Amino acid sequence: MSDIEILSVRTVIRPFEPEDAPEVFACISREITRFMAWEPPPTLDDFAEVWRAWLPSIEERSDLHMVARNRKDGRCLGIVGVHALQSGKPELGIWLRRDVHGMGYGRELIGSVAAWASKHIPVEYFEYPVAEENLVSRQIAEAFGGRIMERRTNPKYRSVVYHIPPVA
């Protein structure tokens, strides 16, 4: 998996590795998980239970949890996920540390990862679930031609599921 490296104008994106854990954990907050299906793990040890579950699926290339970093200083920006990689309809997801919200990283990262996936795996379309109230994240899907195709409810919020065409 270490052979995957996706570059964008301002970022480098690589599969999560255990060495990333402390910095990724430090980026997680209640504020950023408001529109996530999960709650922030209370401790680094609790986060270890989460990321250890990621490693086999990363190695098998069934799911990718990738760390996005600033190209200039290497600072962790957040996580970009591509799930159900071999389904033909992979699911995209993203969360970013709070202090980089509003800087265009979400669109840049989703676009770069979707372009990489479109080139390397069969993609009929990407699923992009997002909380109905998360207007900024919805704009990311719409920027890539996403259309709402489904609605879901989970314990924290109602969501819409966009289908995004492959990205060139």
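Note: the structure precedes this text.
Because the structure is predicted, anything quoted here is derived from the model rather than measured. Residue positions are given per chain, counted from 1 along the sequence in the order it is written. Side-chain atom pairs in this predicted model are given and counted only at pLDDT of 80 or more, local residue features only at pLDDT of at least 70, and totals for whole chains, interfaces and linings cover all residues. Hydrogens and water molecules were not included; the side-chain quantities draw on all heavy atoms of the structure.

Visitor: Please clarify how the overall build of the protein should be interpreted in this entry.
Guide: Looking only at helices and strands, one finds 4 helices and 8 strands in the protein. Helices and strands appear in the protein in the N-to-C order β-β-α-α-β-β-β-α-β-α-β-β. Radius of gyration here uses only the C-alpha atoms, and the compact-globule reference equals 2.2 Å multiplied by the residue count raised to the power 0.38. The C-alpha atoms of the protein give a radius of gyration of 15 Å, which matches the 15 Å a tight globule of 168 residues would have. Structurally, the protein occupies a C-alpha span of about 40 × 35 × 30 Å along its principal axes. Classification of residues uses two cut-offs on accessible area relative to the type maximum, computed with a 1.4 Å probe and protein chains only: under 20% is buried, over 50% is exposed, and between them is partly exposed. Across the 168 residues that make up the protein, the buried fraction comes to 49%. Accessible surface area values rest on a Shrake-Rupley calculation with a 1.4 Å probe, where residue burial reflects the displayed protein chains alone. Looking at the protein as shown, the accessible area adds up to about 8800 Å², and 51% of this sits on carbon and sulfur atoms. Asp and Glu are treated as the negative residues and Lys and Arg as the positive ones, with His and the ends of the chain left uncounted. Where a charge lies is defined by one atom per residue type: Lys uses NZ, Arg uses CZ, Asp uses CG and Glu uses CD. When the 21 positive and 24 negative side-chain charges of the protein are each reduced to one mean point, those points stand 7 Å apart. Numbering goes from the N terminus for both helices and strands, where a helix is a DSSP run of H or I of at least four residues and a strand is a run of E of at least two.

Visitor: For this particular structure, what's the right way to read the side chain of R138?
Guide: Structurally, R138 is set in helix α4 (residues 135-143). Contacts are residue-level and defined by heavy atoms, with any inter-residue pair within 4.5 Å sufficient. Those residues in contact with R138, other than ones at most four positions away along the chain, are V130, A131, E132, I148, V160 and Y162.

Visitor: Even after reading the chapter, I still don't get the environment of V161, so can you show me in this structure?
Guide: Within the secondary structure layout, V161 lies in strand β8 (residues 158-164). Those residues in contact with V161 that sit more than four places away from it in its chain are E127, Y128, P129, R147, I148, M149, E150 and R152.

Visitor: Before we go on, may I ask you to explain the packing of aromatic side chains in this structure?
Guide: Within a pair of aromatic rings, the relevant descriptors are the distance that separates the centres and the angle that separates the planes. Only the six-membered ring of Trp is used, alongside the rings of Phe and Tyr, when aromatic pairs are assigned; centres must lie within 6.5 Å, and planes under 30 degrees apart are stacked while those over 60 apart are edge-to-face, with the rest tilted. Per the stated rule, a full pass over the model turns up 6 aromatic pairs. Both rings, one in F16 and one in W51, keep their centres 5.6 Å apart while their planes meet at 45°; by these two values the pair is tilted. Remark: W51 occurs in helix α2 (residues 44-60) and F16 occurs in the loop between β2 (11-15) and α1 (21-27); sequence separation between them is 35 residues. In this pair, the class of F16 matches that of W51, namely buried. Here the aromatic rings of W38 and W95 are separated by 6.3 Å at their centres, their planes lie at 70°, and the arrangement is edge-to-face. Of this pair, W38 sits in the loop between α1 and α2 while W95 sits in strand β5 (residues 91-96), and the two are 57 residues apart along the sequence. Of the residues examined, W38 reaches a relative accessible area of 32% and is grouped as partly exposed. Taken together, the aromatic side chains of F16, F25, F47, W51 and W54 make up a single cluster linked through ring pairs.

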